[in-house]
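What the coordinates show
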Amino acid sequence: MPNFPQTVEFIAADDIPVRIVRSNKRKKTISSQWRDNRLVVQVPAALNESTERVFVDEMLKKYRQRKNRESALSTEDSLMDRAKALDTKYLGGIASPLSVRWVNNQNKRWGSATPYHRSIRLSAKLKYVPIWVQDYVLVHELVHLATPGQGHGKEFQQLLDRFERRVEADQFLAGFSAGFNAYAKENGQTELEAGGFDDLDDN
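What comes next is a walk through the structure. (Residues numbered from 1 in each chain as written. Predicted model: local features only at pLDDT ≥ 70, side-chain atom pairs only at ≥ 80, totals over all residues. Heavy atoms only, no water.)

1. Section: the pattern of salt bridges
Short version of the rule: Should a side-chain nitrogen of Lys or Arg be within 4 Å of a carboxyl oxygen of Asp or Glu, the pair is scored as a salt bridge. Strands are runs of DSSP state E lasting at least two residues, helices are runs of H or I lasting at least four, and both sets are numbered from the N terminus onward. Here's how the labels work: a residue is buried when its accessible area is under 20% of the maximum for its type, exposed when over 50%, partly exposed in between, all with a 1.4 Å probe on protein chains only.
Tallied over the entire structure, the rule returns 10 salt bridges. A salt bridge links arginine 64 to aspartate 14, with the shortest nitrogen-to-oxygen separation between them at 2.4 Å. Taken as a pair, arginine 64 in helix 1 (residues 49-73) and aspartate 14 in the loop between strand 1 (7-11) and strand 2 (17-23) lie far apart in primary sequence, 50 residues in all. Arginine 64 gets classed as partly exposed once you look at its relative accessible area, which sits at 28%. A residue is classified by how much of its surface remains accessible, and aspartate 14, at 38% relative accessible area, is partly exposed. Close ionic contact of arginine 82 with aspartate 135 constitutes a salt bridge, the shortest N to O distance being 2.8 Å. Of the two residues, arginine 82 sits in helix 2 (residues 76-91) while aspartate 135 sits in helix 3 (residues 131-146), which places them 53 residues apart along the sequence. Across the pair, exposure class does not vary: arginine 82 and aspartate 135 are buried alike. What emerges from the salt-bridge pattern is a single network uniting Glu9, Arg19, Asp36 and Arg38.

2. Digging into the pairing of strand 7 (residues 119-123)
Convention followed: Criterion used throughout: strands pair if DSSP finds at least two bridges between them.
Within strand 7, five of the five residues are buried, which leaves the element mostly enclosed by the surrounding structure. Here strand 7 shows two buried faces, one formed by Ser119, Arg121 and Ser123 and the other by Ile120 and Leu122. The pairing of strand 5 (residues 99-103) with strand 7 spans five bridges and is parallel. Across the sheet, the residue bridging to tryptophan 102 is leucine 122, located in strand 7. Linking strand 6 (residues 111-114) to strand 7, which pair antiparallel, is a turn of four residues; within it arginine 118 sits at a positive phi near 55 degrees.

3. Focus on the packing of aromatic side chains
Test applied: In this scheme Phe, Tyr and Trp rings, the latter by its six-membered ring, pair at centre separations within 6.5 Å, and the angle between planes marks the pair as stacked below 30 degrees, edge-to-face above 60, and tilted otherwise.
In this structure the tally under the stated criterion is six aromatic pairs. With a centroid separation of 6.2 Å and 70 degrees between ring planes, the pair formed by tryptophan 132 and phenylalanine 172 is classed as edge-to-face. One end of the pair, tryptophan 132, is in helix 3; the other, phenylalanine 172, is in helix 5 (residues 166-186), with 40 residues separating them in the sequence. By relative accessible area, which is 30% here, phenylalanine 172 ends up partly exposed.

4. So, the sheet that holds strand 5
Operational definition: To get an axis, fit a line to the C-alpha atoms, keeping to the stretch in contact for a helix; angles then go from 0 to 180 degrees between the N-to-C directions. The contact definition used throughout considers only heavy atoms, calling two residues in contact when any of these lie within 4.5 Å.
Taken together, three strands build an open sheet; the order of strands is 5-7-6 and the sheet is mixed. Because the sheet does not close on itself, it has two edges, and the strands there are strand 5 and strand 6. Adjacent strand axes in the sheet meet at a mean angle of 15 degrees, parallel and antiparallel pairs treated alike. The sheet contacts of helix 3 involve strand 5, strand 6 and strand 7, and relative to strand 7 the element is tilted by about 150 degrees.

Here it is in structure tokens:
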């Protein structure tokens, strides 16, 4: 078995911090995840250095591809395209949004909608959640456009139930909100009510 340090850290060529964790318990599997502001790659301790490097490079490649896809999906043009596609898929196109954009000043809502202007605003914090969770928030706001003045009543709930992963998305957002607030509190910041959906905007 190679006598390497159990943990090695380095900065990849494109400034991605990487931590390699070598585990004696791992025999074959390789895994990676973004944790502690770095890409953590877990590998079997028995790997030789050249083989390990091949696997780490592959994990870096996959991470870059995922980030590029997420960046492409986060532009406001793509956000509008996604909203229109979701409107067609779940609501038959009745929401008809005219404006969909990210905002940085929305700390008490994941999203908000204004039926009069047919506009939707999403909290920029949602850029850090999976795409399918963003889609759920978009569908939530699209349903508001489709049912103006009805709040979260029966028709709203029935339409939102068309989103297949609704329960899972609600659970994810609740956990994300709790984690965000806990982090803010630990770092001496004002606790922000990052989670939960409010009713329609007044403007």
